[in-house]
Amino acid sequence: MIIMKEKILRFKYMVIPILMFIILGIGGSIILAFEFSAHSLSKIPTIIVDHDNSLSTQAFIREIKTNSKFNVVAYSQIDNDVKDLIDKGKVAIGFIIPKHFSKDLTDGKDSKIMVVYDGTQMTMTSSSKTRVAQILGTIKSAYLIGVAEGQFGLMPEVAASYINPIRYNSRIIGNPTENMFNFFIPGFSINTIQVGMIIVVILLINKGNSYKKIWIKGIMVGLLASISVFIILEIYCKYFGLPYRGSVEAAIVLTILFCIGMTFLGVFLSILYNGNQLNALGFVGPIAITLFLVGYTFPTVAMPDSIPIIAKYIPFYYYAIPLRDLSLIGGSFQDNLPNIFWLTKFVIFMWVVTFLLYKIKETKRLRNIKISNKNSTINSQDAEVII
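Residues numbered from 1 in each chain as written. Predicted model: local features only at pLDDT ≥ 70, side-chain atom pairs only at ≥ 80, totals over all residues. Heavy atoms only, no water.

Visitor: How should the pairing of strand 3 (residues 93-97) be read in this particular structure?
Guide: The two faces of a sheet get side chains in turn, since along a regular strand they alternate between them. The element strand 3 is largely enclosed, with a buried count of five among its five residues. Residues Ile-93, Phe-95 and Ile-97 point to one face of strand 3 and Gly-94 and Ile-96 to the other, with burial holding for every one of them. Two strands pair when backbone bridges link them, and strand 1 (residues 44-50) and strand 3 are joined in this way by five bridges, in the parallel orientation. Following the sheet pairing, Val-49 is matched in strand 3 by Ile-96. Inspection of the sheet shows strand 3 paired to strand 4 (residues 114-117) by four bridges, in the antiparallel sense. Bridging across to strand 4, Ile-96 finds its partner in Met-114. (Buried < 20%, exposed > 50% of the residue type's maximum accessible area, 1.4 Å probe, protein only. Helix = DSSP H or I, 4+ residues; strand = E, 2+ residues; numbered from the N terminus. Pairing = 2+ DSSP bridges.)

Here it is as structure tokens:
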């Protein structure tokens with residue numbers, strides 16, 4: 001019993017890291033998941049200004065009201081009310097239907113509905129634009145088909161073929177519902193774990209630790225971070241509807257390699273600053289922005305030319321994006337071999353660099369001790385001569 005207690009006490013330094021990963025890592029990820037639990041945008045607050053009040057505009061308004069994407073919270077007869085409510089943050093989109101809209105439509109004149117978007121809410125704007133275009137397109141086609149039937153006496157099918165001679169079907173692979181949770185949240189959670197494991201390993205390494213002890217701590221923190229990621233993904237898949245269509249083995253290998261490699265980046269910072277935790281932690285912050293540099297939230301093809309080049313040297317590029325592809329699109333272990341090879345080389349590189357840096361620092365430290373001892377001996381001898 002005593003021997004078992006001693007063995008447990010030897011690893012008491014792992015208690016704080018475990019609590020940090022559970023509370024901040026897993027707990028924070030669950031809170032973030034709840035925030036985005038709606039998965040896709042719906043019920044966007046909307047205002048409608050209808051100056052025409054005709055059967056045609058009523059049909060349009062009915063389409064807007066019955067569409068789950070919009071939530072009509074206000075009606076008005078004043079155009080400026082649209083801007084006022086957008087400025088106050090009460091609505092994100094407004095429709096202004098001009099007077100004589102229906103008459104112009106019947107007379108074959110150009111009829112326009114003004115759609116006003118809140119430019120500060122770009123997510124809502126981009127999401128609603130597609131749905132607005134679909135609704136207006138449907139209403140326009142229905143109207144033109146009706147005109148063709150009335151004026152030319154065409155059957156509905158024939159009229160439709162004349163009005164819409166070219167038809168197309170679009171398909172979004174991987175994320176057909178444009179689910180924001182599936183697209184963003186796993187990467188943000190992994191980024192939190194990425195920063196957390198570097199901080200943890202820096203706090204665990206003490207001055208005077210041998211490289212063997214440092215290496216063991218690095219491996220343990222990396223594996224602990226990997227387990228945290230697995231738990232988070234399991235929770236997301238089981239309770240928040242995150243799909244996973246790819247190879248589980250590929251995800252496991254990618255996760256372990258990434259976590260160990262990034263943990264040893266923290267080891268590198270700790271050794272570089274001779275165990276000075278404050279200085280080492282000062283370089284952790286910039287690691288968080290790798291989420292944005294690798295194109296996880298915004299494509300690198302739309303960034304300056306230098307960014308895609310830089311992204312290919314960032315480990316997050318070979319882990320987070322492939323993991324998202326495994327989740328949403330699928331893929332085999334063989335498909336991810338290039339990413340696995342890159343991360344394997346990254347881990348080996350970090351082991352070599354940290355070992356060499358440790359040897360350099362240790363050699364310098366021993367040399368300074370030797371010089372200090374030599375100077376102390378000389379000073380003591382000089383003192384004896386004076387006496």
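Visitor: Can you help me understand the sheet that holds strand 3 in this one?
Guide: Strand pairing in a sheet relies on backbone hydrogen bonds. The paired strands run either parallel or antiparallel. Taken in spatial order, the four strands line up as 2-1-3-4 in an open sheet, and their pairing is mixed. Edge positions in the sheet fall to strand 2 (70-76) and strand 4, since each of these pairs with one other strand and no more. This sheet shows a mean twist of 25 degrees between the axes of neighbouring strands, independent of strand direction. Lying over the sheet, helix 4 (residues 80-87) contacts strand 1, strand 2, strand 3 and strand 4, oriented at roughly 165 degrees with respect to strand 1. (Axes fitted to C-alpha atoms, helices over the stretch in contact; angles between N-to-C directions. Contact = heavy atoms within 4.5 Å.)

Visitor: Is there a simple way to think about helix 4 in this case?
Guide: Because each turn of an α-helix spans 3.6 residues, side chains separated by three or four positions in sequence point in the same direction. Restricting attention to buried positions, one finds in helix 4 the residues Val-82, Leu-85 and Ile-86. Relative to the axis of helix 4, the buried residues are bounded by an arc of 100 degrees and lie together on one face. Seen from the buried face of helix 4, the exposed residues on the opposite side, beyond 90 degrees, are Asn-80, Lys-83 and Asp-87. Packing partners of the buried residues in helix 4 comprise strand 1, strand 2, strand 3 and strand 4. (Arc of directions from axis to C-beta.)

Visitor: I keep staring at the packing of aromatic side chains and nothing clicks. Help me out?
Guide: Each aromatic ring pair is specified by the distance between its two centres and by the angle formed by the two planes. Tallied over the full model, the rule gives 20 aromatic pairs. Between Phe-70 and Phe-95, the aromatic rings sit 6.0 Å apart at their centres with planes inclined by 75 degrees, giving edge-to-face as the arrangement. Highlighted residues: Phe-70 in strand 2 and Phe-95 in strand 3, separated in sequence by 25 residues. The exposure class of Phe-95 is buried, given its relative accessible area of 0%. Each ring, one from Phe-183 and one from Phe-184, has its centre 4.9 Å from the other, and the planes form 85 degrees; the classification is edge-to-face. (Phe/Tyr/Trp six-rings, centres within 6.5 Å; stacked < 30°, edge-to-face > 60°.)

Visitor: Looking at this structure, I do not really get helix 9 (residues 211-239). What am I missing?
Guide: With 29 residues, helix 9 should cover 42 Å at 1.5 Å per step; its first-to-last C-alpha distance of 42 Å lies within 8% of that length. Positive phi appears at Gly-241, one or two residues downstream of helix 9, with a value of about 75 degrees. (Expected span 1.5 Å × (residues − 1).)

Visitor: Just checking my understanding: could you explain the side chain of Asp-50 for this structure?
Guide: Mapped onto the fold, Asp-50 is located in strand 1. If near-sequence neighbours (up to four positions away) are discounted, Asp-50 is found in contact with Thr-57, Gln-58, Ile-61, Ser-76, Gln-77 and Ile-97.

Visitor: Hey, could you run me through the pairing of strand 2 in this one?
Guide: Relative to strand 2, strand 1 is paired through six bridges, and the arrangement is parallel. Each bridged residue has a counterpart across the sheet, and for Ile-47 the counterpart in strand 2 is Ala-74.

Visitor: Explain the pattern of salt bridges here, please?
Guide: Charged atoms that come close allow side chains of opposite charge to pair. Throughout the structure, instances matching the rule amount to two salt bridges. Linking Asp-87 and Lys-83 is a salt bridge whose minimum nitrogen-to-oxygen distance equals 2.8 Å. Residue Asp-87 and its partner Lys-83 are both found in helix 4; the two are separated by four residues, about one turn of the helix. Under the relative-accessibility criterion, Asp-87 is labelled exposed at 54%. Residue Glu-362 is joined to Arg-365 by a salt bridge in which the shortest nitrogen-to-oxygen separation is 2.5 Å. Of the two residues, Glu-362 and Arg-365 are both situated in helix 15 (residues 337-386); the distance of three residues between them amounts to about one turn of the helix. Take Arg-365: its relative accessible area is 41%, and that puts it in the partly exposed class. (Salt bridge = Lys/Arg side-chain N within 4 Å of Asp/Glu carboxyl O.)

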